[in-house]
Every structure is written in structure tokens, then in C-alpha cells.
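Coordinate inspection notes
Chain by chain, the residues:
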Amino acid sequence: MQLPFFYEEVLQEKSPMVLSDESSRHIVQVLRMKEGENIQITNGKGILLTTEITLAHKKKTEVKIIKKETHPPGMAQSAIAISLVKNTGRFEWFLEKATEIGVTEIIPLRCKRTEKSHFREDRMKMILVSAMLQSRQVWLPILFPPTKYPDFISQSNSYDKKFIAHCIEDQKRELKEFTGQDHSSKIVLIGPEGDFTPEEIEQAINEHFIPVSLGTNRLRTETAAIVAAVMLNIS
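Residues numbered from 1 in each chain as written. Predicted model: local features only at pLDDT ≥ 70, side-chain atom pairs only at ≥ 80, totals over all residues. Heavy atoms only, no water.

**A short note on the sheet that holds strand β2 (residues 17–18)**
Spatially, the five strands line up as an open sheet ordered β1-β3-β4-β5-β2, and their pairing is mixed. Every other strand in the sheet has two partners, leaving β1 (5–7) and β2 as the edge strands with one partner each. Contacting β1, β3 (38–42) and β4 (47–55), helix α1 (residues 21–30) runs over the sheet at an angle of about 160° to β1. Helix-sheet contacts for helix α3 (residues 121–134) involve β1 and β3, and the interaxial angle to β1 is about 155°. (Pairing = 2+ DSSP bridges. Helix = DSSP H or I, 4+ residues; strand = E, 2+ residues; numbered from the N terminus. Contact = heavy atoms within 4.5 Å. Axes fitted to C-alpha atoms, helices over the stretch in contact; angles between N-to-C directions.)

Quick look at the structure:
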């Protein structure tokens with residue numbers, strides 16, 4: 001049986017370790033756990049602690065560390081830069097599924113055709129953490145603040161392989177040609193519901209983004225981003 005899994009942004013890594021109010025409340029009031037029971041804790045940066053509850057308190061639960069593991073990041077370093085969408089629920093769904101798949105970076109974009117949308121960073125972070133814990137991972141995706149498209153394109157040189165998925169009929173390669181895990185970092189640009197403008201596509205190509213297709217079907221923004229995420233993380 002798997003141990004209950006918790007997230008603590010800051011790990012004290014000393015015994016006793018005092019847990020956050022949120023973790024403490026869930027341990028005591030939801031799971032009804034007692035002293036002597038074990039839980040696992042991650043900081044979302046590759047550290048996994050196996051611990052024993054020494055004080056079950058609804059605000060300040062204390063644990064002692066039994067075992068510490070350090071997990072290196074996966075071989076596939078994949079980023080999705082995706083236009084914000086008007087329906088916030090759909091964007092939140094993307095965040096959840098991208099985390100489960102193993103995307104390492106998510107960059108929300110404000111493109112020329114991006115419709116007005118709200119971005120609550122605290123809520124978005126909570127969704128990422130929940131998805132990480134649900135899928136029992138120890139690496140939390142890096143979520144960047146919303147960035148204007150031209151600004152991001154001009155600062156994208158840190159990625160080894162760069163792709164832009166767009167709908168204009170043109171010479172494009174299939175993204176699946178580039179699948180397979182390796183040590184290179186990859187990023188895919190996903191446009192808004194009205195697609196990237198020709199000017200935005202040209203700007204990306206000038207910065208060495210490769211135009212790619214995700215298949216023959218016309219996909220919603222968030223669906224296209226998930227398809228791209230799966231392709232980038234396929235082994």
C-alpha cells in the first residue's frame with residue numbers, strides 16, 4: 001500500500017520537521033492519521049522524504065525523517081508555451097494533464113489573438129501541485145507568469161529544439177518525427193483559438209522555430225497542447 005503523499009515547498013530536512021497548516025489539516029482532519037504512521041513528502045524539486053508522524057496536530061503536525069531520496073529530473077525536458085484561453089477551466093484542465101504527463105515547463109502566452117482571460121497564479125500553482133501528488137511525481141513543472149508573445153520569442157534561445165504548431169497550410173514537418181527521449185530540451189508553441197498570425201509565425205521561424213503539424217484534425221488550443229506534450233514525452 002502506498003503511503004499518503006504530501007507537498008511542502010520548503011523542506012526543513014531535520015527532525016522534528018513541522019509541516020504546513022494545509023498538510024497538517026489534511027493529515028489530522030481528513031485522513032485521521034495518528035502518531036507512528038508514515039507519510040511521504042516532496043518539495044517538487046526531486047527530494048522525497050519518508051517520515052513518521054511524531055505529533056498529529058491540525059495546524060502543526062511534526063514528523064521525523066526516516067529516509068531521504070534524491071531523484072534527478074527525467075531525461076525528457078519538455079516545455080509547452082501555450083496561449084491563454086478565454087475558458088479558464090480548459091486551461092486548468094491542460095495544466096493538470098500536462099503535469100501528469102511530465103511536462104517540465106509551462107509558459108502562458110499572450111498572443112495577438114488571445115482573448116481576454118484571467119490568470120490566478122495561486123490557483124494555477126495549486127492545480128499543478130495536486131496533479132503532481134496525484135501522479136506521485138517529485139518534480140513540479142515550472143509555471144511562468146503570462147508573457148507577451150514577442151517577448152518570449154526573443155528570449156527563447158535556452159531550448160535545444162524549438163517548434164511552432166500552427167494551422168496555416170504550409171510546409172510543415174510532423175512533430176512525431178522528433179519524438180523520443182534524449183538529453184535535449186524541447187519546446188512547442190501552441191497558439192490561441194484563432195491561431196497565430198502570419199507575422200507571429202514568421203517571427204518564430206526567424207528565431208529558428210521549426211513549423212510542425214500535430215496531425216490532420218483541427219484541435220482546440222488545450223487539446224493541441226496535450227497532444228504536443230505527449231509527443232515530446234514519448235519514449
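**A few points about the pairing of β3**
When you tally the buried positions in β3, you get four out of five residues, the bulk of the element. Here three bridges tie β1 to β3, and the two strands are oriented parallel to one another. Bridging from a neighbouring strand, Tyr7 pairs with Thr42 of β3. Relative to β4, β3 runs antiparallel, the two being bridged by five bridges. Looking at the pairing, Gln40 lines up with Thr50 of β4. Here β3 folds back onto β4 in antiparallel fashion, the turn holding four residues, of which Gly44 has a positive phi close to 75°. (Buried < 20%, exposed > 50% of the residue type's maximum accessible area, 1.4 Å probe, protein only.)

**Details of the nonpolar core**
Ranked by size, the top nonpolar core spans 34 residues in total, and within it Ile80, Phe94 and Ile190 carry the most contacts. Secondary-structure elements contributing two or more residues to this core are β6 (77–83), α2 (88–101), α3, β10 (161–165), β12 (185–190) and α6 (221–233). The element contributing the most residues to this core is α6, with seven residues. Look past the residues within four positions of Phe94 in its chain and what remains in contact with it is Ile80, Ile82, Ile106, Glu222, Ala225 and Ile226. (Core = buried A, V, L, I, M, F, W, Y, C linked by side-chain atoms within 4.5 Å.)

**Side note on the side chain of Thr221**
As for its position among the elements, Thr221 is in helix α6. A distance of 3.4 Å separates a polar side-chain atom of Thr221 from the backbone nitrogen of Glu193. Not counting residues up to four positions away in its chain, the partners in contact with Thr221 are Ile82, Ser83, Val85, Ile190, Gly191, Pro192 and Glu193. (Polar contact = N/O pair within 3.5 Å; in protein donor to acceptor, adjacent residues only side chain to side chain.)

**Describing the packing of aromatic side chains**
In the structure shown here, the tally under the stated rule is four aromatic pairs. When the ring of Phe91 is compared with that of Phe94, the centres are 5.9 Å apart and the planes differ by 55°; the resulting orientation is tilted. Taken together, the residues Phe91 and Phe94, both in helix α2 and three residues apart, mark about one turn of the helix. Just as Phe91 is buried, Phe94 falls in that class too. On the basis of relative accessibility, which here comes to 2%, the residue Phe91 falls in the buried class. (Phe/Tyr/Trp six-rings, centres within 6.5 Å; stacked < 30°, edge-to-face > 60°.)

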